[in-house]
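Listed below, chain by chain, are the residues.
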Amino acid sequence: MKKNYTLGIIAATVLLGVTATGVSANAVWAAKPTGLIGATTAANIAKKAVGNHAQVEDVELERKNGKVYYEVDLQQGDRDWDIEVDAYTGKTIRSHSELDHDSNDESSLYKPNHVTLTEKQAGQIALKHVPGSTLLSSKLDKEDGQFIYEVKVLTNEGTVELEIHASSGAIVDTDEDDDNNDN
């Protein structure tokens, strides 16, 4: 009888250990991966692949089929580029470009009289709001009847998109896309 009791305890201990290991493995998968090259480094690698005069528009950490990579969106001249950079090695995995159909859109050049900020000033506001960041892009847009600047900045953790009121300079909205997201 003691033998069966001891076997039961051993079996329960082994089962509990396997369950605990399974939980900890899931917890590790959900945690932020270590050893990433960072969004800034990925952006610089992508720029070198396309040409150093390319403008980085967005950087996102992606996970697909067990691979972790940065998807870097760039614009150079009249072409949009998507470059995938391995998040650990910095190796360029894939690059794709297509003609930018918005590059000749003259409506973006129109600036109403009541817009008092310039794109440069909106960019400076964003950089001040997100210390240590790099300006990626800024664009005047009309949203809900108000003119705003959509400004993107790059941090080492990812991109931050800010909406800045084109007259007052107030930050209307902030959206962070960092490396901690699960994809």
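Residues numbered from 1 in each chain as written. Predicted model: local features only at pLDDT ≥ 70, side-chain atom pairs only at ≥ 80, totals over all residues. Heavy atoms only, no water.

1. Notes on the sheet that holds strand β2 (residues 67–76)
Then, number 1: Pairing in this open sheet of four strands is antiparallel, and the strands run β1-β2-β3-β4 from one edge to the other. Taken across any chain shown, the strands that pair with only one partner, and hence form the sheet edges, are β1 (55–64) and β4 (92–99). Going across the sheet, the axis of each strand differs from the next one's by a mean of 15°, ignoring polarity.
Then, number 2: Bridging between β2 and strand β3 (residues 79–86) involves eight bridges; their strand directions are antiparallel. By the bridge assignment for β3, Q76 is matched with R79.
Then, number 3: Taken strand by strand, helix α2 (residues 39–50) contacts β1, β2, β3 and β4, and its axis lies near 55° from that of β2. (Pairing = 2+ DSSP bridges. Helix = DSSP H or I, 4+ residues; strand = E, 2+ residues; numbered from the N terminus. Axes fitted to C-alpha atoms, helices over the stretch in contact; angles between N-to-C directions. Contact = heavy atoms within 4.5 Å.)

2. Topic: the environment of T118
Then, number 1: Inspection of the secondary structure puts T118 in the loop between β4 and α3 (119–129).
Then, number 2: Along the primary structure T118 and Y149 are separated by 31 residues, whereas in three dimensions their C-alpha atoms are 9.0 Å apart.

3. Describing the nonpolar core
Grouped burial of nonpolar side chains is what soluble globular proteins tend to show.
Then, number 1: Core analysis: the largest hydrophobic core is formed by 20 residues, its most contacted members being V56, V59, Y70, V72, L74 and V85.
Then, number 2: Of all the secondary structure elements, the ones that give two or more residues to this core are α2, β1, β2 and β3.
Then, number 3: Top contributing element to this core by residue count: α2, with five residues.
Then, number 4: Listed in part, the 14 residues of the second largest apolar core include L117, L140, V160 and L162. (Core = buried A, V, L, I, M, F, W, Y, C linked by side-chain atoms within 4.5 Å. Buried < 20%, exposed > 50% of the residue type's maximum accessible area, 1.4 Å probe, protein only.)

4. Observations regarding the pattern of salt bridges
Then, number 1: Under the criterion given, the structure shown has one salt bridge.
Then, number 2: When the shortest N-O distance is used, the salt bridge between R94 and E84 registers 3.2 Å. Taken together, the residues R94 in strand β4 and E84 in strand β3 connect sequence positions ten residues apart. (Salt bridge = Lys/Arg side-chain N within 4 Å of Asp/Glu carboxyl O.)

Read these as layout, nothing more, since geometry by itself doesn't imply function.
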